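So you can see what is in the structure, the chains are spelled out below.
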Amino acid sequence: MKFIQLNLLLILTFLLSLNLSAQEKYTISGTAVDEFLQTPVEAATVYLSLKKDSTVVDYSLTDVDGRFRLELRKIEEPVFFSINDDLSGEYRIDFESFMENKDLGKVELKTVISLGEAVVTGSAPPIRIKSDTLEFNASSFKVRPDANVETLLKQLPGVEIDEDGKITVNGKEVNQILVNGKPFFDKDGKIALQNLPANIINKVQVTDTKTKKEEISGDKASGNNSSINLTIDEDKNKGVMLKAMAGYGTDERYESSLMLNYFKGDARLSILGSSNNINSVGFSMNDIFDNMSGGRNRSVYMSDNGSFGINGINFGGSGSGITRSDIGGINYSDSWADDDIEFSGSYFYTGSDTQNNNRTVQQNLLPDNTFTTESTSSSRNQSFNHNFTTNFEVKIDSTSSVWIEPGFAFNKTKSESIFDKFSVNEQGELLNESNGSTNDEQTKQSFSNSINYFKKFANKTRLNLEFANSNSRDKADAYNVSNTYFYQSGGADDIRNQYKQDRNKEDEFTFNLEYEIPVLDSANLALGVDYEIKNRTDNTYTFDYDEVFQDYLALNEILSFELSSDFTGINPYASYNIRKNKFNTSITAGVSFLSQKNQGNYLSQDYFLKQDYVLPTFSANLNYRFNRGKSIYLNYNYDANLASAQQLLPIENLSDPLNIYVGNPDLSPNKVHNIYFGFNNFNFQTRTGYNIYFGGNYNETGITNYRIIDEDFVTTSTYRNVHGNYNLWSGINGNKSFSKGRSKFRLGGGIGFNHSHNKGFVDGEEFISRSYSLSPRVNFNWDLGEVLTINPSYNLRYQFTDYENYRLDNSTNIIHTAKLTTTNYWPKNFVFGNDFSYTYNSNIADGFKKDFFLWNTSLAYNFWKDQLTFKVKVYDVLNQNTGDRRTISDTFISDVQNDVLKRYVMFSLGFKLDKFGGGKNERRRGSRLMIWD
C-alpha cells in the first residue's frame with residue numbers, strides 16, 4: 001500500500017505544480033483557402049516552428065471550412081508559421097516572436113512561397129493526408145533516444161495501444177504492420193514495434209487494410225481495419241542493429257535473447273533467438289521489463305498462465321503452467337528488377353516445455369439438479385515447430401501482376417498427464433470417479449499456397465484469378481491407462497490399458513474466377529464463381545494390452561472407427577460495386593450448390609450419407625467518410641456451413657468413458673446472419689476522438705449438443721438443430737490528448753456490452769440461458785517530459801446469466817482489475833519501473849483465492865555510451881500471484897487453478913549496437929516536436 005500512496009502523492013504534487021505554473025496563452029487563427037479556386041482547404045497541416053532549428057512547437061489541421069486555431073504560451077524568439085496541403089500548396093509567414101494573438105484572416109495556399117529569388121519550403125509538416133493515407137512525420141514527435149517504435153506510435157494523435165497490445169487508429173483496429181511495405185517476420189508487426197528503434201523511422205503511414213486483390217487492383221478497402229507502414233529514413237536504410245541480453249535469477253530462472261537486423265536499400269535481413277523459462281517469447285527488448293510475463297511484454301500475445309505465441313502460432317503447450325521456450329528465426333526481404341519482383345520469406349523454430357498442476361471444480365447444471373465434478377492433474381507438454389512462410393509479387397507489365405505465397409509447417413508435440421477426478425450429487429453422494437495416466441505424441445505436417453493473378457484490359461474491364469490449397473497430415477499415438485468406477489447403477493466399471501492410433505488427412509483446394517465490367521464512371525459489375533473441393537479422413541484404431549505377449553495387439557473394435565468426407569461447393573455470384581471518393585459500397589449475391597459425401601466404418605458396418613443443398617449467399621458492406629477523421633462502416637453477411645462427418649454419422653465415440661458422442665444424420669446446415677456497424681470520429685484540432693460499434697449474429701439454424709445423463713452421470717451427447725440463438729455486442733470508446741508545459745496527457749476509456757441468448761438441451765430437456773456482460777474501463781497516461789511516466793487504469797467486468805428450465809436460476813460474477821505503472825528516467829542513465837495490479841474475482845468457489853496483488857519492479861543502469869545495460873528486476877514482489885479463474889457457460893460454472901510464476905529476482909546484462917550509414921545512429925537536432933503551453 002505504501003507503493004500506491006507514494007505514486008498518488010506524486011500525481012497530486014505534479015498536478016498542483018501544473019496549476020501553479022499556468023501561463024497566459026495566445027492564439028494564431030485564420031482560414032486557409034486555395035489560391036486559384038478560393039475554396040476552403042480541409043485537413044491542411046497547420047504548424048508553428050522555431051526558426052533556429054525548425055523544431056515544431058505545435059500543430060493542428062484545418063477543419064471542413066478551412067479554419068485553424070493554435071493556442072500556445074508566449075515564445076520570445078523568432079518562429080515561422082506554415083500551412084501545408086499536398087494539392088493546394090503551402091503558406092508561410094515569419095514572426096520575430098509570439099507574444100500576442102494573431103488573426104491572419106484568409107490565407108491563400110500556393111504551390112511554393114517565393115521571397116525574392118529564394119524558394120522556402122520550411123520544415124516537413126508533422127501530419128499529411130494524402131488521398132486515403134494518413135502520414136505522420138516521425139521526426140516531428142519527440143521520443144527518448146532509446147525509444148522503440150511502439151513508444152513512437154503512442155505519441156501520434158488518434159493512436160491508442162491498450163494493455164493487450166491492440167492498436168487502434170481513429171477508432172479502427174490495426175491488423176497489419178509493415179516495414180517498407182513488407183512484413184517484419186509477420187504482418188501483425190509486434191516484433192517490429194518492440195525491436196526497431198524509433199529514430200530510424202521516417203514516416204508512419206496509416207491506410208485502410210486491403211485484401212490482396214484490392215491492393216493489386218488499386219481498389220478502395222472494403223473492410224474496417226487499418227494498416228500501418230513504417231518507412232525507414234533513406235540515410236538510415238543501410239546499417240546494422242544488434243540487441244543481445246542474458247540474465248539469471250533466483251529459483252533457477254533464466255532468460256536470453258538476440259536480435260540482429262541488417263538493412264541495405266530494399267534488402268532486409270533479420271535474425272532472432274531466445275531461450276528462457278519465465279513464460280515469455282523473449283522479444284520485448286523493453287528497457288524496463290523485457291521478457292517479464294505480466295510486465296509490459298507486448299511483442300507477442302501471451303498471458304501470465306503460460307499461453308503465448310509468435311507468428312500466429314501458439315506454442316505454449318496447454319496454455320497453463322510454467323513454460324521453458326527456445327526460439328530461433330530468420331527473415332529476409334528484397335526487391336529485384338527495378339522493383340518488379342518483391343520477395344519476403346521467414347523461417348521460425350519454436351520449442352516449448354510446459355509443466356502444470358491443475359485443480360478444477362465444475363458445477364454442472366441440469367434441469368432439476370446439479371452435480372459437481374472435482375479433478376486434479378499433473379501434466380507436461382512439449383512442442384517443437386518449424387514454420388516456413390514466403391511470398392512473391394511479380395509485376396508482369398503495367399497491366400498485370402501475380403502474387404504467390406507458399407508455406408510449410410511441421411509440428412511435433414509430446415504430452416503426458418496423471419489425473420484423478422470424481423463427481424458428487426447435491427447430497428454429497430459419490431456418483432463416479434476415475435484416475436489414470438495418458439502419454440501422447442503427435443506430428444503434423446501442413447503445406448499451403450495461394451496464387452493470385454490480376455489483369456487490366458484496355459476497355460477498363462478486369463480479370464482476377466485466385467487459387468489456393470491447404471494440405472495437412474496428422475499422426476498421433478497415445479497410451480491410456482485409466483480406471484473409471486460407477487457407484488449408482490451397479491454396472492461394470494471401465495478399466496483400460498490401451499494404445500490408440502489417430503491418422504488424419506485433409507486436402508482443400510479453392511478456385512475463384514472474377515471478371516469486372518465498368519457500368520458507370522464509379523461503378524462496376526463483377527461476375528464470378530467460387531469452386532471448392534475438400535477431402536478429409538479421420539481414422540482411429542485402438543488396441544488393448546495383451547498380458548501374455550506384453551504388447552498392444554488386440555484391436556478394440558468398439559473404440560475404433562473410420563470416417564471420411566468429400567465436399568464440393570460451387571458458388572456463382574454477381575457483385576455490384578460503387579467506389580467514390582467518400583463513398584464505397586458493395587453488394588454481392590449468389591447461389592451455392594453444396595454436395596457432401598460422408599462415409600464411415602464402425603463395428604464392421606459401413607455408413608454412408610450424401611447431402612445436397614442449394615443455398616443463397618449474400619453480403620453487403622458500406623463505408624462512408626464524412627471527412628478526414630469521421631467515417632461510418634456497415635457490413636452484413638449470410639453464411640451457411642454443413643455439419644461434419646463426426647456430427648452426422650451415427651457412430652459412437654467412446655474414447656472418454658464419462659462423455660460419449662454419437663452423430664445425428666438428420667442435421668440441417670448451420671445458417672448464420674452477421675451484422676456489424678461502426679462509427680469513428682477523431683478531431684485533429686482538439687485531438688479528441690471516439691468510436692461507437694455494434695455487432696451481432698443470429699443463428700437461423702444452429703447445431704448444439706443434445707445430452708442425456710444416466711444414473712452414473714455418464715453423459716451421452718448427440719447433436720440437434722436449434723433456431724433463434726443470437727449474440728449481440730456494442731460499445732463506445734473515447735480518447736483525449738493534451739499538453740501542459742512539459743507534460744503530455746492521454747485520457748482514454750470506454751464501455752462494452754455483450755448479450756447472448758442460447759437454447760440447448762440437457763438430459764433431454766430444452767433450456768434457455770441469457771447472458772449479459774458489461775465491461776467499463778478507464779486509463780490515464782501522463783508523461784512529464786523525459787523524467788517520469790505514470791499510467792493508472794481500471795477495468796471492471798460484470799457478468800450475469802439467467803437460466804430457464806434449470807435448477808439454478810441465475811449466476812453473477814464481477815472482476816475488478818486496477819493497475820498502476822510508473823517509469824522514472826531520473827537520475828541520468830537510470831531507469832526505474834514499477835507495474836502494480838490488483839485483481840478481485842467476486843464469486844469464485846471456496847478454496848480458490850478471490851483476489852491478489854501483482855507487483856513487478858525493475859531498475860536498469862545504462863553505461864559505456866548507453867550500449868550496455870545492467871538490470872535487476874523482481875517479478876511478483878509480494879509473492880501473491882495466482883492462477884485461479886472462473887468460467888461461466890451455458891451448461892457449467894467452472895473454477896480452475898493452474899501453476900503460475902511466483903516471485904523471482906533476475907539479474908541481466910544487455911548490449912545494443914546501432915550503426916547506420918557508417919556511423920552511430922542519432923536523431924538530428926531540430927527534427928522533434930515540442931509542445932508549448
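Residues numbered from 1 in each chain as written. Predicted model: local features only at pLDDT ≥ 70, side-chain atom pairs only at ≥ 80, totals over all residues. Heavy atoms only, no water.

1. Digging into the overall build of the protein
Along its length, the protein carries five helices and 52 strands. Taking 30 Å as the expected radius of gyration for a compact globule of 933 residues, we find that the protein reaches 31 Å, a close match to that expectation. If you line up the protein on its principal axes, its C-alpha atoms span 105 × 75 × 55 Å. Counting only residues that meet the buried cut, the protein has 50% of its 933 residues in that class. Counted over contacts in the protein with a minimum sequence separation of 6, partners at least 24 positions apart contribute 65%. (Helix = DSSP H or I, 4+ residues; strand = E, 2+ residues; numbered from the N terminus. Rg over C-alpha atoms; globule rule 2.2 N^0.38 Å. Buried < 20%, exposed > 50% of the residue type's maximum accessible area, 1.4 Å probe, protein only. Contact = heavy atoms within 4.5 Å.)

2. Comments concerning the sheet that holds strand E3 (residues 56-61)
Two orientations exist for strands paired in a sheet by backbone hydrogen bonds: parallel and antiparallel. Across the sheet, four strands lie side by side as E3-E2-E5-E6; this open sheet has antiparallel pairing. Across the chains shown, the open sheet's two edge strands, defined by having one partner strand only, are E3 and strand E6 (89-95). The sheet shows a mean angle of 15 degrees between the axes of neighbouring strands, taken without regard to direction. When strand E2 (residues 45-50) meets E3, the two strands line up antiparallel, connected through five bridges. By the bridge assignment for E3, Thr45 is matched with Leu61. (Pairing = 2+ DSSP bridges. Axes fitted to C-alpha atoms, helices over the stretch in contact; angles between N-to-C directions.)

3. Some thoughts on the sheet that holds strand E4 (residues 67-73)
Across the sheet, three strands lie side by side as E4-E1-E7; this open sheet has mixed pairing. At either margin of the open sheet sits one strand with a lone partner, and together these are E4 and strand E7 (102-109). Taken over all neighbouring pairs, the strand axes of this sheet differ in orientation by 20 degrees on average, direction set aside. Looking at chain direction, strand E1 (residues 25-34) and E4 are connected through seven bridges and run antiparallel. What sits directly across from Lys25, in E4, is Arg73.

4. Section: the nonpolar core
Leu153, Ile167, Leu196, Val204 and Ile228 are the most contacted members of the largest nonpolar core, which has 47 residues in total. Contact partners of Leu196, with chain neighbours within four places excluded, come to Asn148, Val149, Val179, Phe184, Ile191, Met241, Asn261 and Phe263. Formed by 22 residues, the second largest nonpolar core is a distinct cluster that contains Val41, Leu72, Tyr91 and Leu104. (Core = buried A, V, L, I, M, F, W, Y, C linked by side-chain atoms within 4.5 Å.)

5. Let's talk about the pairing of strand E45 (residues 810-824)
Every other side chain in a regular strand lies on the same face of the sheet, so the side chains alternate between the two faces. Bridge count between strand E44 (residues 788-804) and E45: 15 bridges; the pairing is antiparallel. Looking across to E45, one finds that Gln799 is bridged to Asn813. The sheet contact formed by E45 and strand E46 (residues 830-841) spans ten bridges and is antiparallel. Looking at the pairing, Thr822 lines up with Asn834 of E46. Hairpin connection, E45 to E46: the antiparallel pair is bridged by five residues, and Asn829 has positive phi, about 80 degrees.

6. Remarks on the pairing of strand E36 (residues 652-656)
Judged from the three bridges that link them, E36 and strand E37 (residues 659-662) form a sheet pairing that is antiparallel. Residue pairing for E37: Glu652 is matched across the bridge by Val662.

7. So, the confidence of the model for the protein
Per-residue confidence for the protein gives a mean pLDDT of 87, with 90% of residues at or over 70. Note on residues 1-7: pLDDT is under 50 here. Beyond four places in sequence and across chains, it has seven contacts. (pLDDT = per-residue confidence, 0-100.)

8. Observations concerning a nonpolar patch on the surface
A cluster of nonpolar residues, Ile451, Phe467, Phe509, Phe511, Leu513, Tyr531, Ile570, Val591, Phe593 and Val614, forms a patch on the protein surface that exposes about 780 Å² of accessible area. Counting residues per element, the nonpolar patch draws most heavily on strand E29 (residues 494-520), at three residues. Looking at where Ile451 falls in the secondary structure, it is placed in strand E27 (residues 430-456). The class for Ile451 is partly exposed, based on a relative accessible area of 31%. (Patch = residues over 30% accessible without salt bridge, like charges linked within 9 Å, V, L, I, M, F, W, Y side chains within 5 Å. Areas by Shrake-Rupley, 256 points an atom, 1.4 Å probe, with all protein chains shown as cover. Salt bridge = Lys/Arg side-chain N within 4 Å of Asp/Glu carboxyl O.)

9. As for the packing of aromatic side chains
A full pass over the atoms with the stated rule returns 33 aromatic pairs. Between Tyr59 and Phe141, the aromatic rings sit 5.7 Å apart at their centres with planes inclined by 80 degrees, giving edge-to-face as the arrangement. With Tyr59 in strand E3 and Phe141 in the loop between strand E11 (133-137) and helix H2 (149-154), this residue pair connects regions lying 82 residues apart in the sequence. Phe141 carries the same exposure label as Tyr59, and that label is buried. For the ring pair Tyr332 and Phe343, a centre distance of 6.4 Å and an interplane angle of 45 degrees mean the geometry is tilted. With Tyr332 in strand E23 (residues 322-336) and Phe343 in strand E24 (residues 341-365), the pair connects residues that are eleven residues apart, well separated along the chain. Given a relative accessible area of 30%, Tyr332 falls into the partly exposed group. An aromatic cluster of at least three residues, connected via ring pairs, comprises Tyr479, Tyr499, Phe543, Tyr545 and Tyr552. Above the face of the Phe80 ring, Arg92 is positioned so that its terminal group lies 3.9 Å from the ring centre. The positively charged end of Arg720 is found above the aromatic ring belonging to Phe761, 6.0 Å away from the centroid. (Phe/Tyr/Trp six-rings, centres within 6.5 Å; stacked < 30°, edge-to-face > 60°. Lys NZ or Arg CZ within 6 Å of the ring centre and 35° of its normal.)

10. Structural notes on the pattern of salt bridges
Applying the stated criterion to the full structure yields 28 salt bridges. Among the ionic pairs, Glu77 bridges to Lys52, the shortest N-O distance being 3.7 Å. Of this pair, Glu77 sits in the loop between E4 and strand E5 (79-85) while Lys52 is found in the loop between E2 and E3, placing the two residues 25 residues apart along the sequence. Residue classification places Lys52 among the exposed residues on the basis of a relative accessible area of 60%. Linking Asp538 and Arg536 is a salt bridge whose minimum nitrogen-to-oxygen distance equals 2.9 Å. In this structure, a network of salt bridges that share partners links the residues Lys51, Arg92 and Asp94.

11. Focus on the environment of Glu173
If you trace the backbone, Glu173 turns up in strand E14 (residues 172-179). A relative accessible area of 35% places Glu173 in the partly exposed class.

12. Digging into the side chain of Gln799
Tracing the chain through its elements places Gln799 in strand E44. With relative accessibility at 13%, the residue Gln799 sits in the buried group. Excluding residues that lie within four positions of it along the chain, Gln799 makes contacts with Ser771, Tyr772, Ser773, Ser811, Thr812, Asn813 and Ile888.

13. Brief notes about the environment of Gly883
As for its placement among the helices and strands, Gly883 is situated in the loop between strand E48 (868-875) and strand E49 (884-888). The class of Gly883 is buried, set by a relative accessible area of 10%. Remark: the alpha-carbon pair of Gly883 and Lys849, spanning 34 residues in sequence, is separated by 8.9 Å. The contacts of Gly883, once residues within four sequence positions are left out, are Val896, Gln897, Asn898 and Val900.

14. Some thoughts on the environment of Glu71
Within the secondary structure, Glu71 is located in strand E4. Overall, the relative accessible area of 38% leaves Glu71 in the partly exposed class. C-alpha separation for the pair Glu71 and Ser131, spaced 60 residues apart in sequence, amounts to 28 Å. Among residues more than four places away in sequence, those in contact with Glu71 are Lys25, Tyr26, Thr27 and Asp58.

15. A short note on a negative patch on the surface
On the surface, a cluster of negative charge is made up of Asp266, Asp338, Asp339 and Asp340. Mapped onto the elements of the fold, Asp266 is located in the loop between strand E19 (254-264) and strand E20 (267-276). Classification of Asp266 as partly exposed rests on a relative accessible area of 40%. (Lys, Arg positive; Asp, Glu negative; His and termini not counted. Charge placed at Lys NZ, Arg CZ, Asp CG, Glu CD.)

16. Some points on unusual backbone geometry
Residue Trp826 is joined to Pro827 through a cis peptide bond whose omega torsion reads 0 degrees. Positionally, Pro827 belongs in the loop between E45 and E46. At Asn170, a position not held by glycine, the phi torsion is positive, near 50 degrees. You can see Asn170 is positioned in the loop between strand E13 (167-169) and E14. Relative accessible area serves as the criterion here: at 13%, Asn170 is assigned to the buried category. We note that Lys460 has phi near 75 degrees; this positive angle belongs to a residue other than glycine. Relative to the helices and strands, Lys460 resides in the loop between E27 and strand E28 (462-486). Judged by relative accessible area, Lys460 falls into the exposed class, the value being 66%.

17. Regarding the side chain of Arg92
With respect to the helices and strands, the residue Arg92 is situated in strand E6. Judged by its relative accessible area of 18%, Arg92 falls in the buried class. A polar atom in the side chain of Arg92 sits 3.1 Å from the side chain of Asp94. (Polar contact = N/O pair within 3.5 Å; in protein donor to acceptor, adjacent residues only side chain to side chain.)

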